[in-house]
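Listed below are the residues making up each chain.
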Amino acid sequence: MPTNTCNKNVLKNVPYYDRPRERLLRVGADHLSDTELLAILLRTGTEKETAYELAQNLLARFGDLRELAQASHAELIEQKGIGQVKAIEMHAAFELGRRLTGVPRQSRAAIRLPRDVADLMIPELAHLTQEHFVCLFLNTKNRVIGKQTIFVGSLDASIVHPREVFKEAIRRSSASVICLHNHPSGDPTPSREDIAITQTLRDAGELVGIALLDHVIIGDGKYVSLKEQGYF
């Protein structure tokens, strides 16, 4: 009861149009800051701070929203004002966000080697009967923050255009990209077309400042990394 009373008293000093929930209704969720959106999720603060101030403290402690989303239950409840219920609600909200990106839970681990990419994507790509060209979008810590199927069908340099790859990378604020595609034959040996596409994407990435880390070809339980093979 005291917490709610305190927050109401503090909010009396905040103009109606500046409160996160009211701002969301007025300008839309996409115009709110991370702090404002998090404050709406938290709903209440503590006796000494509003939900907005609690959201600020959480983001300051963990660095940014992505790092906060990686926090364990134990780490969350160490923060004053975050109890069991709030921590659970935050986990649920962040998991829904991950599912919307189409990125499997296990992909949150850092990608350090081509084997990591293969382990993540072989179950999804190895047994497809058509070629799928897929991009993984990574943050500065090489964690996957998004996944997008760019093209389905036989690969052709005129179809897999750098514009489509890097448009998605820019939209997701990616630091780097890993491209993959499968060979329905089961043999992951790269073709001349595969090599040409890789080199085109590498050059485009250099221009926009988003590195192409690798192009991995998936076969039947096997893979080839064009980076490891020295093609770029």
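Structure first, text after, so check above.
Rules used in this analysis
Residues numbered from 1 in each chain as written. Predicted model: local features only at pLDDT ≥ 70, side-chain atom pairs only at ≥ 80, totals over all residues. Heavy atoms only, no water. Helix = DSSP H or I, 4+ residues; strand = E, 2+ residues; numbered from the N terminus. Contact = heavy atoms within 4.5 Å. Buried < 20%, exposed > 50% of the residue type's maximum accessible area, 1.4 Å probe, protein only. Polar contact = N/O pair within 3.5 Å; in protein donor to acceptor, adjacent residues only side chain to side chain. Core = buried A, V, L, I, M, F, W, Y, C linked by side-chain atoms within 4.5 Å.

## Focus on the environment of Leu125
Reasoning step 1: Positionally, Leu125 belongs in helix H8 (residues 114–125).
Reasoning step 2: Through-space distance from the C-alpha of Leu125 to that of Ile217 is 9.6 Å; in sequence the pair is 92 residues apart.
Reasoning step 3: The contacts of Leu125, once residues within four sequence positions are left out, are His132, Val134, Leu180, Asn182 and Ile218.

## What to know about the environment of His73
Reasoning step 1: Looking at where His73 falls in the secondary structure, it is placed in helix H6 (residues 73–77).
Reasoning step 2: Taking relative accessible area as the criterion, His73 reaches 26% and is therefore assigned partly exposed.
Reasoning step 3: Polar contacts involving the side chain of His73 include one to the side chain of Gln84, which spans 2.6 Å.

## A short note on the nonpolar core
Reasoning step 1: Phe133, Cys135, Val165, Phe166, Val177, Cys179 and Leu201 are the most contacted members of the largest nonpolar core, which has 21 residues in total.
Reasoning step 2: Mapped onto this core, the elements with two or more residues apiece are strand S1 (132–138), strand S2 (144–152), helix H9 (162–171), strand S3 (176–182), helix H10 (192–208) and strand S4 (211–218).
Reasoning step 3: Broken down by element, the residue count for this core peaks at 4 residues, all from H10.
Reasoning step 4: Not counting the four nearest positions on each side in its chain, Leu201 is found in contact with Phe133, Pro162, Val165, Phe166, Cys179 and Leu212.
Reasoning step 5: One finds Ala51, Phe62, Ala71 and Phe94 within the second-largest nonpolar core, a separate group that totals 17 residues.

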